[in-house]
Amino acid sequence: FAICRDVSQKRAIEEALKKNEANLKALVNNSEYAIWAIDIHFNLIVFNEQYAKFHYDFYGQYPEKGFSLTHKPIFYDGNFWFQTYQSCFKGEKINTEFLFNNAVYQLSFMPIRQEEIIVGVSVYAQNITERKEAEQSIINIKNNLEESQD
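Throughout, a residue's number is its position along its own chain's written sequence, starting from 1. Only residues with pLDDT of at least 70 are given local features in this predicted model, and only at 80 or more are side-chain atom pairs given and counted; all residues enter the totals for whole chains, interfaces and linings. Note that water and hydrogens are dropped before the side-chain values are worked out from all heavy atoms of the structure.

Asks: Account for the pattern of salt bridges, naming residues and giving values.
Replies: Between side chains of opposite charge, a pair can form when the charged atoms approach closely. Every case where a carboxyl oxygen of Asp or Glu lies within 4 Å of a side-chain nitrogen of Lys or Arg is listed as a salt bridge. In the structure shown here, the tally under the stated rule is three salt bridges. Put simply, E97 and K132 hold a salt bridge, and the shortest N to O gap is 3.3 Å. A residue pair is termed long-range when its members are at least 10 positions apart, and E97 in strand β3 (residues 94-100) and K132 in helix α4 (residues 129-149) qualify at 35 residues. Salt-bridge contacts for E135 lead to R131; the nearest nitrogen and oxygen are separated by 3.5 Å. A residue pair is termed a helical-turn pair when its members lie 3 or 4 positions apart in one helix, as E135 and R131 do in helix α4 at four residues. For E135, a relative accessible area of 35% gives the class partly exposed. Strands here are runs of E lasting at least two residues and helices are runs of H or I lasting at least four, both read from the DSSP assignment and numbered beginning at the N terminus. To sort residues, take the accessible area from a 1.4 Å probe on protein chains only and compare it with the maximum for the residue type: under 20% means buried, over 50% means exposed, and anything in between is partly exposed.

This is how it looks when you write it as structure tokens:
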């Protein structure tokens, strides 16, 4: 009798985990942002479909869980990505912009903590190119207006 209860309990836990994983995957993939997380060894833990496209443009291949972001030689030597991840591993939260393939991305880096230990970094990247172009257009119009009034 106890064995049946243990098996039933194990199945219920597995089903709950599968349901939670499916809900999380749907939530992450429903975002227009590229979302990914790495461990302290720079290996991908999780990512969404938007990140897969971003990753393909950068690495020339689609990502897989466990992929090491260090495979690209420019990752090191003072590179933006390496330095930013290292800062997050020290506990910093970072919001910045990044220009890639003629697009501007707003990036948000957050340390992932298990209790007080940092075990990785999560990143949200939003393409803000249109917003930046609109801002620049407004600045240009303002400057042209000021010049015409002089």
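Asks: Hey, could you go over the nonpolar core for me, with residue numbers and the actual values?
Replies: Counting 27 residues, the largest nonpolar core has W36, I38, L69, W81, Y85, F109 and V121 as the members making the most contacts within it. Where this core is concerned, the elements lending two or more residues are β1 (34-39), α2 (49-59), α3 (80-89), β3, β4 (103-114) and β5 (117-127). Top element by residues in this core is α3. It accounts for five residues. Put simply, buried Ala, Val, Leu, Ile, Met, Phe, Trp, Tyr and Cys residues joined by side-chain atoms within 4.5 Å make one nonpolar core.

Asks: Before we move on, could you go through the pairing of strand β2 (residues 44-47) and cite the residues and values that matter?
Replies: Bridge count between β1 and β2: three bridges; the pairing is antiparallel. Its bridge partner lying in β2, W36 is registered against F47. At least two bridges found by DSSP between two strands are what make those strands a pair. Where β1 folds back on β2, the antiparallel hairpin that results is connected by four residues, among which F42 adopts a positive phi of roughly 70°.

Asks: If you had to explain the side chain of S68 to someone new, which residues and values would you point to?
Replies: Relative to the helices and strands, S68 resides in the loop between α2 and α3. S68 gets classed as buried once you look at its relative accessible area, which sits at 12%. Distance and chemistry together define a polar contact, namely a pair of N or O atoms within 3.5 Å, with one atom able to donate a hydrogen and the other to accept it when in protein, and with adjacent residues in sequence counting only for side-chain atoms on both sides. There is a polar contact of 2.5 Å between the side chain of S68 and the side chain of T70. Discounting chain neighbours no more than four positions away, the residues touching S68 are H41, F42 and N43. In what follows, residue pairs with any heavy atoms lying within 4.5 Å of each other are defined as contacts.

Asks: Please provide a residue-by-residue account of α3, values included.
Replies: Where burial is concerned, most of α3 is hidden: seven out of the 10 residues are buried. Residues of α3 that are buried in the fold lie against β1, α2, β3, β4 and β5. At the C-terminal side of α3, G91 shows a positive phi close to 105°.

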